[in-house]
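# Notes for the structure review
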Amino acid sequence: MKALLIACAAAALATPALSADLLAPTGRWSAYSAGPAATPPMGWSSWNAFGTNIDETNILGSAQRIVDSGLAAKGYRYINIDDGWAAKRRASDGHLIIRADRFPSSRVGGNTPTFKPFTDRLHAMGLKAGIYSDLGRNTCSEAYSTTQDDLPKGSIAEREVGLYGHIDQDIALYFRDWGFDFIKVDGCGLRDYGPASERVRSGRFRALGPILDSGSVSRTDIPAIQDLFRHINLTLKADNPDGDYLLSLCIWGAANVRAWGKDYGAISRTSDDIAPAWGRLLVNYDSVVTRSLYAHPGSWNDPDMLYIGAGDFNAEHLTEARSHFALWAMLDAPLMIGADLRKIPPSLMDIFGNADIIALDQDPAGNQATLAYDSSDVHILVKTLASGDKAVAIFNRGSGAYDVDLHAFHLKFADNAPIELTDLWSKRETNFIDHVRLHVRPRETLLFRAHGTRALKGGYYLSEIPGRVNPAVDGVTYPTPDPTIFRTAAGWAGTNGAGDRPTYAGWGGARADSTPYGQVLQISGKPFRAGIGILANSRMEVRNDGARQFKADVGVDDSATDKSHSVVFSIYGDGKLIGRSRPLKQGMPAEALAAPIDGVRLIELVARSTGAQNERLPVTWGDAALLDQ
Ligand code: GLA
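Residues numbered from 1 in each chain as written. Predicted model: local features only at pLDDT ≥ 70, side-chain atom pairs only at ≥ 80, totals over all residues. Heavy atoms only, no water.

### Some thoughts on the overall build of the protein chain
When its secondary structure is counted, the protein chain shows 14 helices and 31 strands. Scaling as 2.2 N^0.38, a compact globule of 629 residues should have a C-alpha radius of gyration of about 25 Å, and the protein chain matches this with 24 Å. Dimensions of the protein chain, computed from the C-alpha atoms along their principal axes, are close to 75 × 60 × 50 Å. Here the protein chain, with 629 residues, has 61% of them falling under the buried criterion. (Helix = DSSP H or I, 4+ residues; strand = E, 2+ residues; numbered from the N terminus. Rg over C-alpha atoms; globule rule 2.2 N^0.38 Å. Buried < 20%, exposed > 50% of the residue type's maximum accessible area, 1.4 Å probe, protein only.)

Printed below as a string of structure tokens:
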């Protein structure tokens, strides 16, 4: 029942009735695309550089450098105040009070400080302004700060500066009155203030929930969290008639947000906070890299802000700093600088300003890179660009050097035609046919733009264009933590406790060129290099851009442990049935499906089974492609 509720709630935006058939075609794209994030947002945030020790001078100092250095002209626009700006919530009317000693410009006339002069200043510089709040009554720093210095002061109620119970009032204040353009909404208020927590037992805070448990999706009230985001969204819409606002979801991959965050806001965090440590980069990267089908123009995966400029990513570690930037660009991550730009040396400014790499992140096709080669040490990531060229990253995660053979098939390019690689750091060109051997040093990421002849003539495999494929219902009914995400000893608890456990639910979600559990796609002994792996009882939406035919070889994947239930694969064009398979069971050969899609704008791919446990029934849309003929 819980699973049903989760699945229903995930689709509730599109289908209000809880009893609705979630696999029924809707004829419409359901992922969020309302905001101004057709490409991933870029900018700067105060958190990594300053924590709660923020003030107007240091924020505006970085903003000025963004303009003066030319980074603004390259797309860095959002200047976001993170946690630490609130002094209190005024008892008489619930109005939020700014720490005016830190933001002197807020003291204009009257007794109530306002951020309007601050946002006016940023807007006059051609920039956008972002603010921070929490889904609960209290913020993350109120839960975790080791000092009281920068925290809200006053009574329990006065220190409740989060959105809970104040969504309409606070959003109106931030957007209508103060003129912000972006809001990051954190989740500690729903997680860290349960009645058993020390901070509540000590009488310092009011109990709430916990509604969210990052370590246990089954102890998380997903519909309640979705209700809050839905309310925030409606309010944002009402308070921003021009539509120029951006919602950043920050619940760290918890609450199975993988499945539904893309329906609610422009960016959604997939992991806990990044730190200036290589191991944390791997955690955050891993939480995104297998989720390319969950990112689209308008709604992006967010592996957290850039930490270039500190620790393992400082100027003494240019290899790591460049890897960080290259990977975030390949993943279509928001590029939010987290450094004090007044103090950043030219070698690191050059990384932020690499126009060719920014262009990968901002490529209008919005295809997050997919994994073409996957091991614990080396990843090959490939991203299809709007021009049809590819970007390819060869990422050495480990501590030893590797010679890596990059093949034409990794790029889905023909193996008998020349391929040109342009190194996006050195701009050097290399040409090869079929394969080339490349040396990659520890922690290095080689990054190229690749031009070649497409192996698939006259079309694209769906796995090449994940920005146009939305797993609206991915079939996951029992969300479990993803065991493939790197677990670092440098996590928040250090080596105290029993270790860093798999946390982020989403194992078994839809994957490009892989089964949901990371295996090679295979139907009745026939492997597929290209295709979509998803679970039974799933529905994908595919945006068509002028293609005339859809083709796929479909079947239950050989990896299915359910050998008895059958699956029927259906294709819909703008809501109408245009193709259907026979009932197919594990072990049966793939069935070739082809459907005309001339003039069709939205294709829906449904894999339906009755009575099965979806998690035991992975299905394969082998070689699924949109073709010109
Ligand atoms: C959480 C978020 C961080 C940051 C802090 C602020 O940890 O994940 O990005 O906003 O809260 O306290």
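### Some points on the sheet that holds strand S2 (residues 78–80)
One open sheet holds the eight strands; their spatial order is S9-S8-S7-S6-S5-S2-S1-S10, and the pairing between them is parallel. In this open sheet, the two strands that pair with only one neighbour each are strand S9 (300–302) and strand S10 (335–337). When strand polarity is set aside, the average angle formed by the axes of neighbouring strands in this sheet is 25 degrees. As paired strands, strand S8 (residues 267–269) and S9 are joined by three bridges and run parallel to one another. Within S9, the residue paired with Arg269 across the bridge is Asp302. Docked against the sheet, helix H9 (residues 222–239) engages strand S6 (182–186) and strand S7 (246–250), running at close to 165 degrees with respect to S7. (Pairing = 2+ DSSP bridges. Axes fitted to C-alpha atoms, helices over the stretch in contact; angles between N-to-C directions. Contact = heavy atoms within 4.5 Å.)

### Here we look at helix H4 (residues 116–124)
If you check which residues of H4 are buried, you get Phe118, Thr119 and Leu122. Burial along H4 is one-sided: seen end-on, the buried residues are contained in an arc of 90 degrees. Looking at the buried positions of H4, the neighbouring elements they touch are helix H3 (56–68), S2 and strand S5 (128–134). (Arc of directions from axis to C-beta.)

### What about the state of the cysteines?
Across all of its chains, the model carries one disulfide by this definition. Note that Cys140 is cross-linked by a disulfide to Cys188, the S-S spacing being 1.9 Å. With the S-S bond torsion at 90 degrees, the cross-link from Cys140 to Cys188 turns out right-handed. One end of the pair, Cys140, is in helix H5 (residues 140–144); the other, Cys188, is in helix H7 (residues 188–191), with 48 residues separating them in the sequence. Each member of the pair, Cys140 together with Cys188, is buried. Just so you know, Cys250 is unpaired, no disulfide at all, and the nearest cysteine sulfur is the one on Cys140, 6.5 Å from it. Take Cys250: its relative accessible area is 1%, and that puts it in the buried class. (Disulfide = S-S within 2.5 Å.)

### Some thoughts on the site of the ligand
Near the ligand there are 13 residues, and of these Asp82, Asp83, Lys184, Asp186 and Asp273 occur at the shortest range. Ser141 is positioned such that a nitrogen or oxygen atom in its backbone is 3.4 Å from an oxygen atom of the ligand. Between the ligand and Lys184, the relevant distance is 2.7 Å, taken from an oxygen atom to a side-chain nitrogen or oxygen of the residue. Broken down by secondary-structure element, the contributors of at least two residues to the shell around the ligand are H5 and S6. Within the shell around the ligand, the residues separate by chemical class into six nonpolar, one polar and six charged. (Near = heavy atom within 4 Å. Polar contact = N/O pair within 3.5 Å; in protein donor to acceptor, adjacent residues only side chain to side chain. Nonpolar A, V, L, I, M, F, W, Y, C, P; charged D, E, K, R; others polar.)

### Regarding the pattern of salt bridges
This model, assessed by the stated rule, comprises 36 salt bridges. With a closest N to O distance of 2.9 Å, Glu541 and Arg539 form a salt bridge. For the residue pair Glu541 and Arg539, the accessibility class agrees, reading buried in each case. The network of salt bridges with shared partners includes Arg99, Arg102 and Asp150. (Salt bridge = Lys/Arg side-chain N within 4 Å of Asp/Glu carboxyl O.)

### Things to note about the sheet that holds strand S27 (residues 568–573)
Spatially, S20-S25-S30-S27-S28 is the arrangement adopted by the five strands of the open sheet, whose pairing is antiparallel. Strands at the two margins of the open sheet, each flanked by one partner only, are strand S20 (469–473) and strand S28 (576–580). Ignoring strand direction, the axes of neighbouring strands in this sheet form an average angle of 25 degrees.

### So, the packing of helix H11 (residues 278–289) against helix H12 (residues 318–330)
Working note: a packed helix pair is described by the angle between its axes plus the distance between those axes. Between H11 and H12, whose axes approach to 12 Å, the crossing angle comes to 10 degrees. Taken as axis vectors, H11 and H12 run roughly parallel relative to one another. Counted together, Trp278, Leu281, Asn284 and Tyr285 of H11 and Glu320, Ser323, His324, Leu327 and Trp328 of H12 form the full contact between these two elements. (Parallel < 35°, antiparallel > 145°, perpendicular 65-115°, else oblique.)

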